[in-house]
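Structure assessment
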Amino acid sequence: MTGLGLYDPTLRLPAAPPALPPLRLAGASVEPPRPAALDPAHVGRLVRTALKAVAAGTAYGEKVVLQPGEPELLELLQSPALDSRFTQERLNWKLSALVSVNERYGGVKIVGSNAYNRLLNLPRSRSTILLFDKLTMQPLAVYDGTEISAARTGAYASIAVDLFLAGLPSFAVFLFGAGAVAEKLVADLQAHHGPRITAVYVKSRTPERAAAFAAEQSARTAFPVIAVADQDRLPACRLVVTASNAREPVFDAASIGPEAVVLHLGGDETPPALIRSMLEHGTVMCDDVHSVSHRNSQSLALYFSRAGRSLEAEAGRYQILSAWQALAGQCAAWRRPALLTCVGLPVLDLYVAQSIHETLTGSPRAVMGAAAA
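This paragraph deals with the pairing of strand S13 (residues 338-341). Alternating residues of S13 divide into Ala338 and Leu340 and Leu339 and Thr341, and every residue in both groups is buried. Where strand S10 (residues 261-264) lies against S13, four bridges are found, and the strand directions are parallel. Within S13, the position partnered with histidine 264 by the bridge is threonine 341.

Turning our attention to helix H7 (residues 272-281). Along H7, the residues that are buried comprise Leu274, Ile275, Met278 and Leu279. Seen along its axis, H7 keeps its buried residues to an arc of 135°; they face one direction. Away from the buried face of H7 by more than 90 degrees, exposed residues Glu280 and His281 are located. Contact partners of the buried residues in H7: S10, strand S11 (283-286), helix H9 (299-305), helix H10 (311-318) and S13.

Our focus in this paragraph is the packing of aromatic side chains. Under the counting rule described, the total for this entry stands at four aromatic pairs. Ring centres 4.9 Å apart and planes at 45° place the aromatic pair phenylalanine 174 and phenylalanine 176 in the tilted group. The burial state of phenylalanine 174 is the same as that of phenylalanine 176; both residues are buried. A ring pair is formed by tyrosine 303 and phenylalanine 304, whose centres lie 5.3 Å apart and whose planes are at 90°; its orientation type is edge-to-face. On the basis of relative accessible area, phenylalanine 304 is assigned to the buried category, the value being 0%. Chaining the aromatic ring pairs together yields one cluster made of Phe174, Phe176 and Phe251.

Our focus in this paragraph is unusual backbone geometry. Cis peptide bonds are those with omega within 30 degrees of zero, and the linkage from arginine 336 to proline 337 qualifies with 0°. Here methionine 137, not a glycine, exhibits a phi torsion of approximately 55°, which is positive. Here methionine 137 lies in the loop between strand S4 (125-133) and strand S5 (139-144). Note on methionine 137: relative accessible area 42%, which makes it partly exposed. Unlike most non-glycine residues, glutamine 319 shows phi in positive territory, near 55°.

To describe two helices that pack against each other, one gives the angle between their axes and the distance between the axes. Look at helix H3 (residues 146-154) against helix H5 (residues 180-193): their axes get within 8 Å of each other, and the N-to-C directions meet at 50°. Overall, the two elements H3 and H5 adopt an arrangement that is oblique. Relative to H5, H3 is oriented so that their crossing is right-handed. Counted together, Glu147, Ala150, Ala151, Thr153 and Gly154 of H3 and Ala180, Val181, Lys184, Leu185 and Asp188 of H5 form the full contact between these two elements. Here the contact of H3 with H5 is built from residues that sort into five nonpolar, two polar and three charged.

So, on to the pairing of S11. Residue alternation in S11 divides its side chains into two sets, Thr283 and Met285 and Val284 and Cys286, and both sets are buried. Bridge count for S11 against S13 is four bridges, and the pairing is parallel. Residue pairing across strands places threonine 283 opposite alanine 338, the latter belonging to S13.

For the rest of this paragraph, the subject is the sheet that holds S5. Remark on secondary structure: sheet strands pair via backbone hydrogen bonds, oriented parallel or antiparallel. Taken in spatial order, the five strands of this open sheet run S1-S2-S3-S4-S5, and their pairing is antiparallel. The open sheet terminates on both sides in strands that have one partner only, identified here as strand S1 (60-66) and S5. Neighbour-to-neighbour, the strand axes of the sheet open up by a mean angle of 15°, direction not taken into account. H3 rests against strand S2 (94-101), strand S3 (105-113), S4 and S5 of the sheet, and its axis sits at about 95° to S4.

Time to look at helix H1 (residues 40-56). Look at H1: 24 Å from first C-alpha to last across 17 residues, which is about the 24 Å you get at 1.5 Å a residue. Buried within H1 we find Ala41, Val43, Gly44, Leu46, Val47, Arg48, Ala50, Leu51, Ala53 and Val54. Buried positions along H1 lie against H3, helix H4 (156-164), H5, helix H11 (323-329) and helix H12 (346-361). Just downstream of H1, glycine 57 is the residue with a positive phi angle, here 80°.

Cut-offs applied
- Residues numbered from 1 in each chain as written.
- Predicted model: local features only at pLDDT ≥ 70, side-chain atom pairs only at ≥ 80, totals over all residues.
- Heavy atoms only, no water.
- Buried < 20%, exposed > 50% of the residue type's maximum accessible area, 1.4 Å probe, protein only.
- Helix = DSSP H or I, 4+ residues; strand = E, 2+ residues; numbered from the N terminus.
- Pairing = 2+ DSSP bridges.
- Arc of directions from axis to C-beta.
- Contact = heavy atoms within 4.5 Å.
- Phe/Tyr/Trp six-rings, centres within 6.5 Å; stacked < 30°, edge-to-face > 60°.
- Axes fitted to C-alpha atoms, helices over the stretch in contact; angles between N-to-C directions.
- Parallel < 35°, antiparallel > 145°, perpendicular 65-115°, else oblique.
- Left-handed = near helix turned anticlockwise from the far one by under 90°.
- Nonpolar A, V, L, I, M, F, W, Y, C, P; charged D, E, K, R; others polar.
- Expected span 1.5 Å × (residues − 1).

Structure follows, in structure tokens:
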């Protein structure tokens, strides 16, 4: 679907199980149109195009996040405490607005997220993307952006390989997390580097979820996806990805191999000792230094802010670059070990939404053509 029509609002919440306290819901959910399944190879190309456009100055954006404290949410739950699972997992409640423009379009993505949703059989995170004509700012389309968000974030995996593992004929991957982003990440690796990957080892807080994830993904990949309950395979893996929602680091710094690349996609999942070692002996990079520093919710930014410093202020001293700078230079692979922290840039959503819109309408700038007629 294109245009601004929305599906009829329908409350799809299942009846709460007896163990859950009564919830005070604001109303029924609204379901915007969902785009067709996304090709991970195409999404990967769009993400690279978007990052190079940022480097060229032809695309830019900003992200605003509201993230209240957990006591506010406990009041809505009418419960003195959260489920025991949240002693290890962040609620990660947030309301975000990602605004961006490029040469022809503007876009706004609204994200609502709460890990508690899983107890209600709801997605942890839902996104809605609005696409505008840049000149007139007339709305062109609205899409469910949930899959778009996961797919464009997953594309960082093959970019990390491009930047840091380009000359390696084969390598194994260790993946922390078995959610939507992890699924898209595996698809991205298959699309861009499938023949080079010997195995993907996946570890989750719930072993049953890791096993189900591994079985689902192995049916779609040329390489085996193997659920593991420990981290014995971790030191030998050249690419390590944190895509979980953990409250604290998910591995010990000493368990990471000396030539490894760590792709950080979550919150505070990377230990300070590893960050310190990477700053001293390896390469540290962000998808965008300013955005990661300003958001201040991930391990790298927190490493500096907890010491009363700023990632952005210290970037020059430690030669911390943005990935869009590295991609624009197209230089040789950066030295290892390496840490790439990604917060997710608004322009990535814009380029994917633009591609969907132009594919469905058959012509770019459809609103301008209609106005001229």
